[in-house]
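Okay, here's what each chain looks like letter by letter:
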Amino acid sequence: MKAVFLDYATMGGGLDVDPLHSVVDELIVHDVTADDEVAQRIRDADAVLTNKIRLTPDLIATAPALKFIGLTATGTDNIDLEAARKHGIAVANVAGGSNRALAEYAVACALTLLRRIAWADREIRSGNYKAVRARMIADSLQGIDGLTVGVVGLGNIGRAVAEAFERMGCEL
């Protein structure tokens, strides 16, 4: 079985590909693949690994041996799933790989708004520290603990966001 990793450099060098050698006969790792190189590189591959490369119906059709597309990301938007299905190609991603990071980002955004961090930063950088301090004290800004938060959608990411807010003491 021949596997090709099209864009290893997008992983930041932190992905160990050595274990893949135990499941494939040949592993070719490309740091970067230009759009005009994709068809040639996947032409005789049984498996393709990618993070960011778009695999269109035309590209998928150029790889008759292809049986598996592995995405090293959470999304599948760069793969034409219908074309993969039509050609009998299995597609897998790293489902849930960023749930915690997205939940932390949601909490950080809420805290930024609640504590007026962006406004305060801008004003302080403009030399208005005393006015900002006085306004923050006068407004007696509330913390996040005890606030009621609504989460729209309770899929994997939504549940992670809800749990993050609960850990911060919020009611849902």
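See the structure printed just above.
The sections below set out a description of the structure shown in this document. (Residues numbered from 1 in each chain as written. Predicted model: local features only at pLDDT ≥ 70, side-chain atom pairs only at ≥ 80, totals over all residues. Heavy atoms only, no water.)

Focus: the overall build of the chain
- The helix and strand tally for the chain stands at seven helices and five strands.
- Reading the chain from its N end, one meets helices and strands in the order β-β-α-β-α-β-α-β-α-α-α-α.
- The C-alpha atoms of the chain give 23 Å as radius of gyration, which overshoots the globular expectation for 172 residues (16 Å, by more than 25%).
- Principal axes of the C-alpha set define a box for the chain whose edges measure 70 × 35 × 30 Å. (Helix = DSSP H or I, 4+ residues; strand = E, 2+ residues; numbered from the N terminus. Rg over C-alpha atoms; globule rule 2.2 N^0.38 Å.)

Focus on the packing of helix 5 (residues 117-125) against helix 6 (residues 129-139)
- With their axes 8 Å apart at the nearest point, helix 5 and helix 6 run at an angle of 150 degrees to one another. Taken together, the axes of helix 5 and helix 6 lie roughly antiparallel to each other. Along the contact surface, helix 5 presents W119, A120, E123 and I124, while helix 6 presents Y129, V132, R135 and M136.
- Tallied by class, the residues present in the contact of helix 5 with helix 6 amount to six nonpolar, no polar and two charged. (Axes fitted to C-alpha atoms, helices over the stretch in contact; angles between N-to-C directions. Parallel < 35°, antiparallel > 145°, perpendicular 65-115°, else oblique. Contact = heavy atoms within 4.5 Å. Nonpolar A, V, L, I, M, F, W, Y, C, P; charged D, E, K, R; others polar.)

A word on the side chain of N51
- Within the secondary structure, N51 is located in the loop between strand 3 (47-50) and helix 2 (57-61).
- Judged by relative accessible area, which is 9%, N51 ranks as buried.
- A distance of 3.0 Å separates the side chain of N51 from the side chain of T10, its partner in a polar contact.
- Setting aside anything within four residues of it in sequence, one finds N51 in contact with D7, T10, M11, T72, A73 and N78. (Buried < 20%, exposed > 50% of the residue type's maximum accessible area, 1.4 Å probe, protein only. Polar contact = N/O pair within 3.5 Å; in protein donor to acceptor, adjacent residues only side chain to side chain.)

Here's the deal with the side chain of D46
- Mapping D46 onto the fold places it in the loop between helix 1 (38-42) and strand 3.
- Apart from residues lying up to four places away in sequence, D46 is in contact with M1, K2, A65, L66, K67 and F68.

A few points about the environment of D16
- Residue position: D16 is located in the loop between strand 1 (2-5) and strand 2 (26-29).
- Of note is the side chain of D16, whose polar atom sits 3.0 Å from the backbone nitrogen of D18.

Overview of the packing of helix 4 (residues 99-114) against helix 7 (residues 156-167)
- Where helix 4 meets helix 7, the closest approach of the two axes is 8 Å, and the angle between their N-to-C directions is 50 degrees. When the axes of helix 4 and helix 7 are compared, the pair comes out oblique. As helix 4 runs across helix 7, the sense of the crossing is right-handed. Of the residues in helix 7, those touching helix 4 at N99, R100, L102, A103, A106, V107 and A110 are N156, I157, A160, V161, A164, F165 and R167.
- For the contact of helix 4 with helix 7, the per-class residue count stands at ten nonpolar, two polar and two charged. (Left-handed = near helix turned anticlockwise from the far one by under 90°.)

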